[in-house]
Amino acid sequence: MQYIYKYSSPLGGMTLASDGDAITGAWFDGQKYFGATLKGERREADLLIFSEAAAWLDRYFRGERPGTLPAIRLEGSAFRMAVWDILRQIPYGQVVTYGWIAEAIARKLGLKHMSAQAVGGAVGHNPVSVFVPCHRVVGSGGSLTGYAGGMDRKVRLLAIEGHGVVQKSADNFSITRKMFNFAP
C-alpha cells in the first residue's frame, strides 16, 4: 500500500507519497513525471512521516534552513541512485553543474567520461522534489536549464536559498550568485 498526502506550498500544490515509513515521492502537482513512483493501490492518509515532511517544507518555504530531512526512500537504477546520492549532498544555498556531477560519477565509477546529458536525465527523474534538491543543479556557466516542476519554480526555489537569477530572454535564465565550492 502506498499513501499520499496533499501539501499546499507557496509554489503550488504538492503531492507527497510514502510507504508508511519514509517519503518515496514529492511532486508539484502537474509536473513532468508526476507520480512516476506511484504504483498500485494508494490512499490519502495523515501519517507521522507526512507531518514531519510538511513541517520541513514549511520551514523551507519560509526561507529557513529546514534542518534534518524526514526519512526518504529512493528506488531506481544504480546510475540514478548514484546521481540522486550526489543531489542529496548538495548543501542548502549551493549549486553544482550537470557537468560537475558527471565528472564526480565518472571518478566514482573509474570512467574517463560521463555524459552530462545522462546526468540531466537522472536529475530530471528525481522522484522527491525539493527534499532531494535537483533544483540546485545548473548548466555550465550558471545557466538555468530544465526543471521537471517548471522553470519558474526552479527560479523561486533558488531565490529562497539566496540566489539571484537574471532572465536574459523569454526562456534564458542564469544564476548570479554562484557557489561551486561543494565537494562530496
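For clarity, every value in this text was computed on a predicted model and none was experimentally measured.

**Brief notes about the overall build of the protein chain**
The secondary structure content of the protein chain amounts to five helices and nine strands. Reading the secondary structure of the protein chain in the N-to-C direction produces β-β-β-β-α-α-β-α-α-β-β-α-β-β. A total of 184 residues make up the protein chain; the buried ones form 48% of that total. Sequence separation of at least 24 residues holds for 60% of the intrachain contacts in the protein chain that already meet a minimum separation of 6. Surface exposure of the protein chain reaches about 8700 Å², of which carbon and sulfur atoms provide 50%.

**Concerning the nonpolar core**
Counting 46 residues, the largest nonpolar core has Leu57, Phe61, Leu87, Ile101, Val130 and Phe131 as the members making the most contacts within it. Taken together, the elements giving at least two residues each to this core come down to strand S1 (2–9), strand S2 (12–18), strand S3 (23–28), helix H1 (48–61), helix H2 (78–89), helix H3 (98–109) and helix H4 (116–124). Element by element, the count of residues in this core is highest for H1, at eight residues. Excluding its chain neighbours within four sequence positions, the residues that come into contact with Phe131 are Leu16, Ala26, Ala53, Trp56, Leu57, Leu69, Pro70 and Ile72. Listed in part, the five residues of the second largest apolar core include Val95, Val138, Leu144 and Val155.

**Considerations on the pattern of salt bridges**
Side chains carrying opposite charge are able to pair once their charged atoms draw close together. A full pass over the atoms with the stated rule returns three salt bridges. The shortest N-O distance in the salt bridge between Arg73 and Asp19 comes to 2.0 Å. One end of the pair, Arg73, is in the loop between H1 and H2; the other, Asp19, is in the loop between S2 and S3, with 54 residues separating them in the sequence. Arg73 gets classed as partly exposed once you look at its relative accessible area, which sits at 37%. Taking the relative accessible area as the measure of exposure, Asp19 reaches 28% and is therefore partly exposed. Here Arg62 and Glu64 are joined by a salt bridge, their closest N and O atoms 2.9 Å apart. Classification of Arg62 by relative accessible area gives exposed; the value is 53%. Exposure remark for Glu64: the relative accessible area of 34% places this residue in the partly exposed category.

**Considerations on the packing of H2 against H4**
Relative to each other, H2 and H4 sit at 75°, their axes nearing to 9 Å. Judged by the inter-axis angle, H2 sits roughly perpendicular to H4. Between H2, through Phe79, Arg80, Val83, Trp84 and Leu87, and H4, the contact on the second element is made entirely by Ala118, Val119, Ala122 and Val123. Per-class residue counts for the contact of H2 with H4 are eight nonpolar, no polar and one charged.

Rules of the game
Residues numbered from 1 in each chain as written. Predicted model: local features only at pLDDT ≥ 70, side-chain atom pairs only at ≥ 80, totals over all residues. Heavy atoms only, no water. Helix = DSSP H or I, 4+ residues; strand = E, 2+ residues; numbered from the N terminus. Buried < 20%, exposed > 50% of the residue type's maximum accessible area, 1.4 Å probe, protein only. Contact = heavy atoms within 4.5 Å. Areas by Shrake-Rupley, 256 points an atom, 1.4 Å probe, with all protein chains shown as cover. Core = buried A, V, L, I, M, F, W, Y, C linked by side-chain atoms within 4.5 Å. Salt bridge = Lys/Arg side-chain N within 4 Å of Asp/Glu carboxyl O. Axes fitted to C-alpha atoms, helices over the stretch in contact; angles between N-to-C directions. Parallel < 35°, antiparallel > 145°, perpendicular 65-115°, else oblique. Nonpolar A, V, L, I, M, F, W, Y, C, P; charged D, E, K, R; others polar.

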